[in-house]
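Analysis of the macromolecular model
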Amino acid sequence: MAGSTLFRWLFLLLAIVSLAAADSGSGEAETTVPGQIRLSCGASASATDGDGRAWDGDAVSTFAPSVTGVAADASYQDPSLPSPVPYMTARVFSSSYTYSFPVKPGRVFLRLYFYPSAYGNLGAAAAAADALFGVTAGGITLLRDFNASQTALAVGYAYIVREFSLNVSSGATSLNVTFAPSPRGAPGHGSHHYAFVNGIEVVPTPDMFTTPVPAFANGGRPNPMPLRADTAFQTMYRLNVGGEAITPRDDAGGFYRTWDNDAPYIFGAAFGVTFAKDSNVSVRYNPPSVPKYAAPEGVYATARSMGPNAQINLNYNLTWILPVDAGFYYLLRFHFCEIQYPITKVNQRSFFIYINNQTAQSQMDVIVWSGGIGRAVYTDYLVVTAGSGQMDLRVALHPDLSSRPEYFDAILNGLEVFKLHKYGTHSLAGPNPPIPLKQVVSTVDGSRSESRKKSVVCAAVGGVAAGCFLAVLVAFAVAWAVRRRQRKAAAEKPADGLLGPTKGSALYDPVQK
């Protein structure tokens, strides 16, 4: 009898612990989502990366039957690599090859990992410039004439991760990912091209994109604009505004997303101020409109605002410059959470959100949108771009005085930017970014001693230290001029060619004739 009672108490205790574990975690990293696949290309055995994720070698994987190409080892490990896995091995293809991954209908993140290094066992014929290739998956062209070496030089990193969100249609049982060298004779490259990849990751996710219905930020119609369920997205930016970078290990929902620090994208010397939540404030989510996987708590627990000086804030915009591919639609997701006292009431802080010099939102009051201090909320906006090549996507905040708020300020906690595929061509592919004129000095073994972005930031810090007062004066003068232009642009109609699609066009390719 005593043993039976003890058993019941132990069972009850285990149940309580299990319920507490299930209810805990306001957005912190969670157990890996079932169905995730990670393939270390060119590897012959399983290995674990720095975030604790297990990767299978494609040489013995069921996802790559009769795998072709050459398994190659990188001859140099750049110190900036987050982990040797999956970057230090690669699969190199001289002809088209398709990986086939078993998946269930619904959305998945597809991540492709590239480390453009010298692969010693390929010989001198495999020059980095000749790695020119395309990638297709699920009927969508993800990359076309992609050169990982040029892209890495342009963005200032030793490695490249391309993340896509694809919709697996009902009835489908697999996701096929094809790598194909570009045809010979492509301009600016040699006569022989090859494709390569270091790692492939497939992560099932819920639908994160079609709700809420986004509003057009630059005059498109209809407004708001429902997104088609089969839309494919490419992650262009995922920023933890005002906080440190968040690694995949610390992402919410077990999706292993990366959240970068926003500081490298701030325009000019007007950085505003960064801060963390008060110790007596807890970040709270509001499912289903704001599920716990929307962003990790670290995103909502830090923020960047314009600063405490009202007069200074009225004379500049807090601005981010984000290079993107022209000619596409973009979905921008803004994450907000008031995390410091005394901001607890309606109309204490109200501000404008500008996207590409157009007013996306006026009287943005986080307390109104979220319901109180410590409550997370996000809002989506759609913007259409015209032209070709690369362009700068500008995001700016400025106090809105129309409601006479208590503080003349603005705040942002997180920002995500996603490119939408062109329905006419079923493509997300953009051009390789141009290499900046000033390049980082290479070491003898071909590695880069410092990233371009770090060099730029260091140079900026040195310049501010040498002439801080003058730099601030110039920044305010420039910001005042920019603000005048933005007010004028906000009052004008969008330029020809920037209007969004009609209901019948369903986000049809804006550059198609």
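Sequence order as written defines residue numbering, which begins from 1 separately in each chain. A pLDDT threshold of at least 70 governs which residues receive local features in this predicted model, and a stricter bar of 80 or more applies before side-chain atom pairs are shown or counted, although totals over entire chains, interfaces and linings include all residues. Based on all heavy atoms of the structure, the side-chain values leave hydrogens and waters out of the count.

Where an unreviewed UniProt entry is consulted, the protein chain appears under the name Malectin-like domain-containing protein, with the organism given as Oryza glumipatula. UniProt positions are given in the numbering used here, feature names are shortened, and annotations may be inferred rather than shown by experiment. Reading the Subcellular location (unreviewed entry) entry of the UniProt record for the protein chain gives the comment "Membrane".

1. Points about the overall build of the protein chain
When helices and strands are tallied, the protein chain shows 7 helices and 26 strands. Per-residue accessibility, obtained with a 1.4 Å probe over protein chains only, is compared with the maximum for each type, and a residue is labelled buried under 20%, exposed over 50%, and partly exposed between these values. In the protein chain, buried positions account for 48% of the 513 residues. Working rule for contacts: check all heavy atoms of both residues, and any pair within 4.5 Å makes them a contact. In the protein chain, once contacts between residues fewer than 6 apart in sequence are set aside, the share between residues at least 24 apart is 79%. For the protein chain, the exposed area adds up to about 23,100 Å²; of that, 59% sits on carbon and sulfur atoms. Secondary structure elements follow DSSP: runs of H or I no shorter than four residues count as helices, runs of E no shorter than two count as strands, and numbering proceeds from the N terminus. Reported accessibility uses the Shrake-Rupley method at a 1.4 Å probe radius. Residues are deemed covered only where the shown protein chains occlude them.

2. Here's the deal with the pairing of strand E23 (residues 377-384)
Taking burial as the measure, the 8 residues of E23 include 8 buried ones, the bulk of the element. Burial along E23 is two-sided: Val377, Thr379, Tyr381 and Val383 facing one way and Tyr378, Asp380, Leu382 and Val384 facing the other are all buried. Being paired, for any two strands, means DSSP has found at least two bridges between them. Note: strand E14 (residues 215-216) against E23, 2 bridges, orientation parallel. Along E23, the bridge assignment pairs alanine 215 with tyrosine 381. In this structure, strand E20 (residues 329-336) lies alongside E23, joined through 8 bridges in antiparallel fashion. For tyrosine 330, the partnering residue across the bridge sits in E23 and is valine 383.

3. Re the side chain of aspartate 251
With respect to the element layout, aspartate 251 can be found in the loop between strand E15 (233-240) and strand E16 (260-261). As used in this structure description, the phrase polar contact means that two N or O atoms lie within 3.5 Å; if the pair is within protein, one of them must be able to donate a hydrogen and the other to accept it, and residues adjacent in sequence are counted only when both atoms belong to side chains. In this structure the side chain of aspartate 251 is engaged in a polar contact, spanning 2.7 Å, whose partner is the side chain of arginine 257. A distance of 3.0 Å separates polar atoms of two side chains, one belonging to aspartate 251 and the other to tryptophan 259.

4. As for the environment of proline 65
Within the secondary structure, proline 65 is located in the loop between strand E3 (54-57) and strand E4 (70-73). Looking at proline 65, the relative accessible area reads 53%, which means it is exposed. A C-alpha to C-alpha distance of 9.6 Å links proline 65 and threonine 98, two positions 33 residues apart in sequence.

5. So, the nonpolar core
Nine residue types can take part in a nonpolar core, namely buried Ala, Val, Leu, Ile, Met, Phe, Trp, Tyr and Cys, and a core is a set of them joined through side-chain atoms within 4.5 Å. One finds Tyr99, Phe114, Leu142, Phe179, Phe196 and Ile200 to be the most contacted residues of the largest nonpolar core, which totals 52 residues. It is strand E7 (residues 106-114) that contributes the most residues to this core, 5 residues altogether. Of all hydrophobic cores here, the second largest spans 51 residues; its members include Met306, Ala360, Ala376 and Leu412.

6. Topic: helix H3 (residues 148-155)
Within H3 the residues assigned to the buried category are Ala148, Ser149, Thr151, Ala152 and Ala154. Among the residues trailing H3, glycine 156 stands out with phi positive, at a value near 80°.

7. Considering the environment of serine 100
With respect to the helices, strands and loops of the structure, serine 100 is situated in strand E6 (residues 97-102). Placed 37 residues apart in sequence, serine 100 and phenylalanine 63 show a C-alpha to C-alpha distance of 5.4 Å. Beyond its immediate chain neighbours, meaning those up to four positions away, serine 100 contacts Phe63, Ser174, Leu175 and Asn176. A distance of 2.9 Å separates the side chain of serine 100 from the side chain of asparagine 176, its partner in a polar contact.

8. A word on the packing of aromatic side chains
Two aromatic rings, drawn from Phe, Tyr or Trp (for Trp, its six-membered ring), form a pair once their centres lie within 6.5 Å of each other, and the interplanar angle then sorts them: stacked below 30 degrees, edge-to-face above 60, tilted otherwise. Summed over the entire model, instances satisfying the criterion amount to 27 aromatic pairs. Measuring from centroid to centroid gives 5.7 Å for tyrosine 285 and tyrosine 300, while their planes differ by 85°, and the two rings are edge-to-face. One end of the pair, tyrosine 285, is in the loop between strand E17 (273-276) and helix H4 (297-300); the other, tyrosine 300, is in helix H4, with 15 residues separating them in the sequence. Taken individually, tyrosine 285 and tyrosine 300 each receive the classification buried, so the pair is uniform in this respect.

9. Examining the pairing of E6
Only one face of E6 is covered, namely the face carrying Tyr97, Tyr99 and Phe101; the face carrying Thr98, Ser100 and Pro102 is uncovered. The pairing of E6 with strand E11 (residues 174-181) spans 6 bridges and is classified as antiparallel. Considered in E11, the bridge of serine 100 is made with asparagine 176.

10. Topic: a nonpolar patch on the surface
Taken together, the side chains of Val346, Val368 and Trp369 present a nonpolar region at the surface, about 290 Å² in accessible area. Looking at where valine 346 falls in the secondary structure, it is placed in the loop between E20 and strand E21 (351-355). A relative accessible area of 54% places valine 346 in the exposed class. Surface patches are defined over residues having more than 30% relative accessible area and no salt bridge, joining like charges when they lie within 9 Å and nonpolar side chains (Val, Leu, Ile, Met, Phe, Trp, Tyr) when within 5 Å. Salt bridge, as applied in this entry: a Lys or Arg side-chain nitrogen positioned within 4 Å of an Asp or Glu carboxyl oxygen.

11. What to know about the sheet that holds E17
Spatially, the 3 strands line up as an open sheet ordered E17-E18-E25, and their pairing is antiparallel. The open sheet has two edge strands, E17 and strand E25 (411-412), and neither has a second partner.

12. What to know about the sheet that holds E4
Overall, antiparallel pairing links the 3 strands, which are arranged E4-E5-E12 in an open sheet. Sheet topology places E4 and strand E12 (195-197) at the edges, where each strand pairs with a single neighbour. In this sheet, adjacent strand axes meet at a mean angle of 30° when their direction is disregarded. Two strands pair when backbone bridges link them, and strand E5 (residues 89-93) and E12 are joined in this way by 3 bridges, in the antiparallel orientation. Directly across from phenylalanine 93, in E12, lies its bridge partner alanine 195. As a rule, the C-alpha atoms of each element are fitted with a line to give its axis, helices using only the stretch in contact, and angles between N-to-C directions run from 0 to 180 degrees.

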